[in-house]
Amino acid sequence: MRTYRIGEAAALMGVSADTLRRWVDGGRLHAERDELGRRIIPGADLASFARQLHRTERTNNGSSARNRLSGIVTEVVLGDVSAQVEIQAGPFRVVAMVSRESAEEMALEPGVPAVAVIKSTNVVVESPWSVRRTLRGESARFFSSEP
């Protein structure tokens, strides 16, 4: 069973380690102790908590797209025919190309709230443990423990 230390779980959830500790201390998220007495979160429990925390109401809005990222428009670059719209949705930066006409009709400009609706038949999933990055000439794993 994969487990995560507090800092690792916090990074995956996009919150501070202090926030994650408060969730554990408040009983919202289950944690155990490892052989050294450190708190660890079982991967299955973290996944379940993440799903509950970020679950959104699914309403019949006439769309088959289910992936919605609410955020704020940070940049709009208008071209002759298209517009590049950048949305900051929490920790995620989403860049979309839409028609210039659509961008103008929706009055998209920096500071306007927006929802990036994503529907794709091609999604790439990467494991952070299989991707290495170089720090100071040394190869380091994203997280300190192996899967």
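Here, every reference points to the structure presented above.
Residues numbered from 1 in each chain as written. Predicted model: local features only at pLDDT ≥ 70, side-chain atom pairs only at ≥ 80, totals over all residues. Heavy atoms only, no water.

Draft legend 1. Structural view of helix 1 (residues 6–13). By the burial criterion, the buried members of helix 1 are Ile6, Glu8, Ala9, Ala10 and Met13. On its buried face, helix 1 is in contact with strand 1 (3–5), helix 2 (17–25), strand 3 (39–42) and helix 3 (43–53). In the stretch just after helix 1, glycine 14 is the one whose phi turns positive, near 75°. (Buried < 20%, exposed > 50% of the residue type's maximum accessible area, 1.4 Å probe, protein only. Helix = DSSP H or I, 4+ residues; strand = E, 2+ residues; numbered from the N terminus. Contact = heavy atoms within 4.5 Å.)

Draft legend 2. The arrangement of the pairing of strand 5 (residues 82–89) in detail. Pairing analysis gives six bridges linking strand 4 (residues 67–78) to strand 5, with the strands arranged antiparallel. By the bridge assignment, leucine 78 is partnered in strand 5 with alanine 83. Counted between consecutive antiparallel strands, the loop separating strand 4 from strand 5 contains three residues. In this structure, strand 5 lies alongside strand 6 (residues 92–99), joined through eight bridges in antiparallel fashion. For glutamine 88, the partnering residue across the bridge sits in strand 6 and is arginine 93. Hairpin connection, strand 5 to strand 6: the antiparallel pair is bridged by two residues, and glycine 90 has positive phi, about 65°. (Pairing = 2+ DSSP bridges.)

Draft legend 3. View of unusual backbone geometry. A positive phi angle is found at alanine 107, which is not glycine, with a value near 55°. As for its placement among the helices and strands, alanine 107 is situated in the loop between helix 4 (100–105) and strand 7 (113–118). Look at alanine 107 and you get partly exposed, because its relative accessible area is 46%.

Draft legend 4. Seen up close, the sheet that holds strand 3. An order of 1-3-2 is seen for the three strands of this open sheet, with the pairing classed as antiparallel. The outermost strands of the open sheet, each flanked by one partner alone, are strand 1 and strand 2 (32–33). One ladder, built from three bridges, connects strand 1 with strand 3; its direction is antiparallel. Looking at strand 3, one finds that arginine 5 is bridged to isoleucine 40. On top of the sheet, helix 1 reaches strand 1 and strand 3; it is set at about 100° to strand 1, its chief contact. Here helix 3 sits on the sheet and contacts strand 1 and strand 3; the angle it forms with strand 3, its principal contact strand, is near 70°. (Axes fitted to C-alpha atoms, helices over the stretch in contact; angles between N-to-C directions.)

Draft legend 5. Inspection of the packing of helix 1 against helix 3 at higher detail. Orientation of helix 1 relative to helix 3, taken along the N-to-C sense of each, is 35°, at an axis distance of 11 Å. Viewed along their axes, helix 1 and helix 3 form a crossing whose handedness is right-handed. Facing Ala9, Leu12 and Met13 of helix 1, the residues of helix 3 in contact are Leu46, Phe49, Ala50 and Leu53. Per-class residue counts for the contact of helix 1 with helix 3 are seven nonpolar, no polar and no charged. (Left-handed = near helix turned anticlockwise from the far one by under 90°. Nonpolar A, V, L, I, M, F, W, Y, C, P; charged D, E, K, R; others polar.)

Draft legend 6. The arrangement of the pattern of salt bridges in detail. Inspection of the entire model under this criterion finds five salt bridges. As a salt-bridge pair, aspartate 34 and arginine 38 come within 2.9 Å of each other at their nearest N and O atoms. With a relative accessible area of 13%, aspartate 34 lands in the buried category. The partly exposed category is assigned to arginine 38, whose relative accessible area is 37%. In this structure, arginine 93 engages glutamate 86 in a salt bridge whose closest nitrogen and oxygen atoms are separated by 3.2 Å. On the accessibility criterion, arginine 93 (53% relative accessible area) is exposed. (Salt bridge = Lys/Arg side-chain N within 4 Å of Asp/Glu carboxyl O.)

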